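Chain by chain, the residues run as shown.
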Amino acid sequence: MMKSLSTRIFIGLFAGLIFGTIVQYFLNDIGLFSNNLVELADGVGTMFVNMIMMLVVPLVFVSIVCGVCELQDLKSFGRLGGKTFGFYIINTVVAIATALLLVLLLEPGKGVDMGSTEGVAITATELPNLMALVIDIVPRNPVAAFMSGNMLQVIFMALMLGGVIKSLGEHVAGAIQGFQTANKIMMKLISVVMCLAPYGVFALMLKLGATLDAGMLVSVIEYMALILALLLLWIFIVYPIAVGIFTPISAKNFRDKTQELVLFSLSTASSNATIPVTMRTLTEKLGVNRAVAGFGVPLGATMNMGGVAIYITIAIFFVANAFDMPITTEQLPSLLFSIFLLSVGAGGVPGGGMVMLGVLIHQIGLPIEAFAIVAALDRIIDMVLTSCNVVGDAAVLTIVDQTEKVHQTEKVHQVELAKS
């Protein structure tokens, strides 16, 4: 009997990492392995991620249009959007506050000599402008929005189109049916691509194991362990308990149903690339309404970055302490607000957190050499923080869906009371 997909992804993930590590430390002198095989794995892994990314924009657009069309009324859309956005903001704020408490208590980075690290260029030097982010939601060119994969713009267009179709009612029944058919096609395409996931994950992890520089990891293991421990706590304890408290789904059941999601996001290190898997997990395994998932998942992949918030908060305090430039009490308010903006603006792509951290390092005047250690450790941390991000999306939307079900139940009850 075929093993479950999550089991096969798990096997591919660890087999690739182990084989890649063997290539780096035992077969590095053999060009067939250190060059040809690693290059082949890089190519296969890139093709797999590209295949997933190819589906993301049409999937998001079609799912949101279908979701809005399936709402009972347009008023429920405003309520749904407000709750989803509010829960995402709360999640990010709580993540920052917890990470801040830890770094103030443990003071990571003290005694670490980072003066000898090699400089790494920081390409971005400005904080994201909140007003610019809001204005940019409305696309000037819809084709350009699709081509660039700008999720916020795609979401805006889908919401607008879905709302107009919904308002026209039976007059555009054919359009609604067409989008529903397109949504079924997209979900089938996802299933086809996911059959290749174990092989794509194996290739991605082989490349990582064959090229990861372990030397610097040893010297700052405390810093990395602190970040990973808090991220894992969020993934396996905090989010499942929150779901267990606010929904009928138990914490254990939530962990079991998101196992495939965790493993897939570990390998891709991209919230955007994981959107199809997140949507399938929510709708097929957790029973979340398609309208809730269709709206909330792409929005979460763009702005619900609890993992990035934890990473940036701990990392900036670490490098500040390591360079003997500790963050002062006067700097805290503006620093925390900057972390919040950077977390929201990090984007769901691999290395997004590292780029945002580079911006923050430049902004508060830390030496550019501080970015070297961030770049060295980011590859392994980025995988876990992506899992934290996407599991956070799943948890928030499961809770939002439960509140919607309660609202609908109360509404039906009120109608029945009015009739009696």
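Above this text is the structure in question.
Residues numbered from 1 in each chain as written. Predicted model: local features only at pLDDT ≥ 70, side-chain atom pairs only at ≥ 80, totals over all residues. Heavy atoms only, no water.

**Considering the side chain of Thr-313**
Moving on, step 1. Within the secondary structure, Thr-313 sits in helix 15 (residues 306-322).
Moving on, step 2. A polar contact of 2.7 Å, which involves the side chain of Thr-313, links it to the backbone oxygen of Ala-309. (Helix = DSSP H or I, 4+ residues; strand = E, 2+ residues; numbered from the N terminus. Polar contact = N/O pair within 3.5 Å; in protein donor to acceptor, adjacent residues only side chain to side chain.)

**Quick notes on the pattern of salt bridges**
Moving on, step 1. If you walk through the whole model with that rule in mind, you get seven salt bridges.
Moving on, step 2. The salt bridge partner of Asp-42 is Lys-207, with a shortest N-O separation of 3.6 Å. One end of the pair, Asp-42, is in helix 2 (residues 31-69); the other, Lys-207, is in helix 8 (residues 197-211), and 165 residues separate them in sequence.
Moving on, step 3. The partly exposed category is assigned to Asp-42, whose relative accessible area is 33%.
Moving on, step 4. A residue is classified by how much of its surface remains accessible, and Lys-207, at 23% relative accessible area, is partly exposed.
Moving on, step 5. One salt-bridge network, held together by shared partners, links Arg-79, Lys-83 and Glu-404. (Salt bridge = Lys/Arg side-chain N within 4 Å of Asp/Glu carboxyl O. Buried < 20%, exposed > 50% of the residue type's maximum accessible area, 1.4 Å probe, protein only.)

**Side note on the packing of helix 15 against helix 16 (residues 332-344)**
Moving on, step 1. The geometry of helix 15 relative to helix 16 is characterised by a closest axis approach of 9 Å and an angle of 140° between their N-to-C directions. In terms of axis orientation, helix 15 runs oblique to helix 16. With respect to the hand of their crossing, helix 15 and helix 16 are arranged in right-handed fashion. Contacts from Val-308, Ala-309, Ile-312, Thr-313, Ile-316 and Phe-317 in helix 15 reach Leu-332, Leu-335, Ile-339, Leu-342 and Ser-343 in helix 16.
Moving on, step 2. Split into classes, the residues belonging to the contact of helix 15 with helix 16 amount to nine nonpolar, two polar and no charged. (Axes fitted to C-alpha atoms, helices over the stretch in contact; angles between N-to-C directions. Parallel < 35°, antiparallel > 145°, perpendicular 65-115°, else oblique. Left-handed = near helix turned anticlockwise from the far one by under 90°. Contact = heavy atoms within 4.5 Å. Nonpolar A, V, L, I, M, F, W, Y, C, P; charged D, E, K, R; others polar.)

**Some thoughts on the packing of aromatic side chains**
Think of a pair of aromatic rings as described by two things: how far the centres are apart, and how the planes are tilted against each other in angle.
Moving on, step 1. Per the stated rule, a full pass over the model turns up four aromatic pairs.
Moving on, step 2. Taken together, a centroid distance of 5.2 Å and an interplanar angle of 70° make the contact between Phe-61 and Phe-146 edge-to-face. With a gap of 85 residues between them, Phe-61 in helix 2 and Phe-146 in helix 5 (residues 142-148) connect regions that are remote in the sequence.
Moving on, step 3. On the basis of relative accessible area, Phe-61 is assigned to the buried category, the value being 14%.
Moving on, step 4. A centroid spacing of 4.1 Å and a plane angle of 20° characterise the contact between Tyr-223 and Phe-318, whose relative ring orientation is stacked. Of this pair, Tyr-223 sits in helix 10 (residues 221-246) while Phe-318 sits in helix 15, and the two are 95 residues apart along the sequence. Here Tyr-223 matches Phe-318 in class, with each residue buried.
Moving on, step 5. Each residue in the set Phe-61, Phe-146 and Phe-179 is aromatic and connected to the rest through ring pairs, giving one cluster. (Phe/Tyr/Trp six-rings, centres within 6.5 Å; stacked < 30°, edge-to-face > 60°.)

Everything listed here is a matter of coordinates, which is why it stays silent on function.
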